[in-house]
Amino acid sequence: MWLTLLLVLASVFTIVPFVAVLVLAVSPESAPTIPRQLPDDVTLDNLTAVLSASSFLRWTLNSVLYSVVSVVIILLTAAMAGYAFARKRFPGSTALMWSFLATLMVPIQATLIPMFVLVSRLDGVNTFWGLIVPTLANSQAVFLMRQFIRELPDELFDAAKIDGAGEWTVFWRLVLPLTKPVLATLGIFVFLWHWNDFLWPLVIAQTDEMRTLTVGLSTLNAESVARARIMASAAISVVPCLIIFGVLQRYLVNSVATTGLKG
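As the structure is a prediction and not an experimental result, all values here were calculated from the model.

Basis of the calculations
- Residues numbered from 1 in each chain as written.
- Predicted model: local features only at pLDDT ≥ 70, side-chain atom pairs only at ≥ 80, totals over all residues.
- Heavy atoms only, no water.
- Helix = DSSP H or I, 4+ residues; strand = E, 2+ residues; numbered from the N terminus.
- Buried < 20%, exposed > 50% of the residue type's maximum accessible area, 1.4 Å probe, protein only.
- Contact = heavy atoms within 4.5 Å.
- Patch = residues over 30% accessible without salt bridge, like charges linked within 9 Å, V, L, I, M, F, W, Y side chains within 5 Å.
- Areas by Shrake-Rupley, 256 points an atom, 1.4 Å probe, with all protein chains shown as cover.
- Salt bridge = Lys/Arg side-chain N within 4 Å of Asp/Glu carboxyl O.
- Core = buried A, V, L, I, M, F, W, Y, C linked by side-chain atoms within 4.5 Å.
- Expected span 1.5 Å × (residues − 1).
- Lys, Arg positive; Asp, Glu negative; His and termini not counted.
- Arc of directions from axis to C-beta.

Undergrad: Teacher, can you tell me more about the overall build of the protein chain here?
TA: Within the protein chain, the secondary structure is distributed over 13 helices and 0 strands. Its C-alpha atoms give the protein chain principal-axis dimensions of roughly 70 × 60 × 30 Å. When burial is assessed residue by residue, the protein chain has 35% of its 263 residues classed as buried. Taking as baseline every contact in the protein chain between residues at least 6 positions apart, the subset at least 24 positions apart corresponds to 74%.

Structure representation (structure tokens):
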């Protein structure tokens, strides 16, 4: 009983800010900052104005490119590295894996300045490769892929070797299909991390054309844009996240349902 009540309260506290954003998004520009009730005059002018703004569309395109390219590359490289660490024995593999995990304890703020200096010397400021490449090293994704692949039955790999399958064949036709649940889970998290990323895009994208959606929305306050239009922009920015979660949800559910099962 108490646990259910606690979960309901937590859900309410989580949903209320999103409801407030939606209410302000369909409210007139003169609406109060904190809505206490539904507006008398519901309008879609804010959403229409946001969608017709060239800057917003450009920021959205930059965020989509930044997130999607990062997801594809990170999942592919993490799967390859996870397979190597899980199924191959080579000198220093354990030490190398622990070195990867040690990077999780280093905050991004500590590496921000050296990384920016390195990228700027390579003429990567205000470029897509300068925005994307420094964020591709994801040791957490490598670790999760390694743990998942280690739990796969050894008989599958032995059978593939008996059939004469090479390493690439084993990886593409055996490992990747079996790791769809964890790949989908990682895909959701990596997409959200990059879609909501603010600090690195703020530093590396120094022109309006290269800004991502999170950085672009933060500049609207300085430009004295109406609060209702800012909330409309924020509401629209959530839509891609909901789409990605909806598409990959069934893989995420399967991943949770099969946790702990082997063979």
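Undergrad: Hey, could you run me through a nonpolar patch on the surface in this one?
TA: Together, Met1, Trp2, Leu5, Leu9 and Phe13 make up a nonpolar patch on the protein surface, roughly 700 Å² of accessible area in all. With respect to the helices and strands, the residue leucine 9 is situated in helix H1 (residues 2-25).

Undergrad: Would you mind showing me how to read the nonpolar core here?
TA: As a rule of thumb, nonpolar side chains are buried together in soluble globular proteins. With 53 residues, the main nonpolar core has Tyr83, Met145, Ile149, Phe157, Val170, Val175 and Trp200 as its most contacted residues. Top contributing element to this core by residue count: helix H3 (residues 54-87), with 11 residues. Among all residues touching methionine 145, those that are not within four sequence positions of it are Ala78, Ala79, Gly82, Thr179, Val182, Leu183 and Leu186.

Undergrad: Honestly, unusual backbone geometry in this entry has me stumped. Any pointers?
TA: With glycine set apart, most residues show a phi of negative sign, and most peptide bonds adopt trans. Phi angles above zero are rare outside glycine, and aspartate 123 is one such case at about 60 degrees. In this structure, aspartate 123 sits in the loop between helix H5 (108-121) and helix H6 (128-132). Of note, asparagine 126 is a non-glycine position whose phi angle comes to about 60 degrees, a positive value. In this structure, asparagine 126 sits in the loop between H5 and H6.

Undergrad: Even after reading the chapter, I still don't get helix H10 (residues 180-195), so can you show me in this structure?
TA: Owing to its 3.6 residues per turn, the α-helix aligns residues three or four sequence positions apart on the same side. Taking 1.5 Å of rise per residue, 16 residues should cover 22 Å, and H10 covers 22 Å from first to last C-alpha, within 8% of that figure. The buried fraction of H10 is high, at 12 of 16 residues. Looking at H10, one finds that the buried residues are Pro181, Val182, Leu183, Ala184, Thr185, Leu186, Gly187, Ile188, Val190, Phe191, His194 and Trp195.

Undergrad: Is there a simple way to explain the pattern of salt bridges in this structure?
TA: Applying the stated criterion to the full structure yields 3 salt bridges. Between aspartate 154 and arginine 87 there is a salt bridge, with the nearest N and O atoms lying 2.5 Å from each other. Here arginine 87 lies in helix H3 and aspartate 154 lies in helix H8 (residues 154-162), a separation of 67 residues in the sequence. Judged by its relative accessible area of 41%, aspartate 154 is partly exposed. A salt bridge links glutamate 167 to lysine 88; the nearest nitrogen and oxygen atoms lie 2.5 Å apart. Residue glutamate 167 is found in helix H9 (residues 167-178), and its partner lysine 88 is found in the loop between H3 and helix H4 (93-102); the two are separated by 79 residues along the sequence. Glutamate 167 gets classed as partly exposed once you look at its relative accessible area, which sits at 42%.

Undergrad: Help me understand the side chain of arginine 146 in this model?
TA: Among the structural elements, arginine 146 can be located in helix H7 (residues 139-150). Despite its burial, arginine 146 pairs with no opposite charge, the nearest such side chain being glutamate 151 at 9.2 Å. Those residues in contact with arginine 146, other than ones at most four positions away along the chain, are Gly82, Phe85, Ala86 and Met97.

Undergrad: Is there a simple way to explain H7 in this structure?
TA: Taking 1.5 Å per residue as the helical rise, H7 with its 12 residues ought to reach 16 Å, and the 16 Å between its terminal C-alpha atoms agrees with that figure. For H7, every residue scored as buried is listed here: Ser139, Ala141, Val142, Met145, Arg146 and Ile149. Taken end-on, H7 shows its buried residues confined to a sector of 155 degrees, consistent with a single buried face. In this fold, the buried residues of H7 make contact with H3, H4, H8, H9 and H10.

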